[in-house]
Amino acid sequence: MYYAYVLQSMVDGRLYKGHCENIESRLRDHNTGKTRSTKGYVPWKLVYFETFESREEAIERERYLKSGVGREFLKTQILSQ
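About the thresholds
Residues numbered from 1 in each chain as written. Predicted model: local features only at pLDDT ≥ 70, side-chain atom pairs only at ≥ 80, totals over all residues. Heavy atoms only, no water. Salt bridge = Lys/Arg side-chain N within 4 Å of Asp/Glu carboxyl O. Helix = DSSP H or I, 4+ residues; strand = E, 2+ residues; numbered from the N terminus. Buried < 20%, exposed > 50% of the residue type's maximum accessible area, 1.4 Å probe, protein only.

Draft legend 1. How the structure looks around the pattern of salt bridges. Counted under the stated rule, the structure contains six salt bridges. One salt bridge in this structure joins Arg 26 and Asp 29, with 4.0 Å as the shortest N-O distance. Remark: Asp 29 and Arg 26 occur in helix 1 (residues 23-31); sequence separation between them is three residues, near one turn of the helix. For Arg 26, a relative accessible area of 23% gives the class partly exposed. Residue Asp 29 is classed as partly exposed on the basis of its relative accessible area, which comes to 21%. Salt-bridge contacts for Glu 50 lead to Arg 61; the nearest nitrogen and oxygen are separated by 2.9 Å. On the criterion of sequence distance, the pair formed by Glu 50 in strand 3 (residues 44-52) and Arg 61 in helix 2 (residues 55-66) is long-range, its members being eleven residues apart.

Bear in mind that shape data such as this cannot, by itself, settle questions of function.
Following this line, the structure appears as structure tokens:
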């Protein structure tokens, strides 16, 4: 299984979108500073994810989530939780 996911920094609320095969391990990588682009905003919490059969589908969904329409979609999803 592959995942498209969204993390939120508990420092300033910014969102990070990505894809991976093991979501627990990837969140740990982000929170231990192993990811350069997120290490300055640790800790992170998982606020949204979707599951896919293929890496290509997860990458496509990550690209969507990074688009303007995708960001608007995420606002409705995250605020409704």
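Now that the structure has been shown, the text picks up again.
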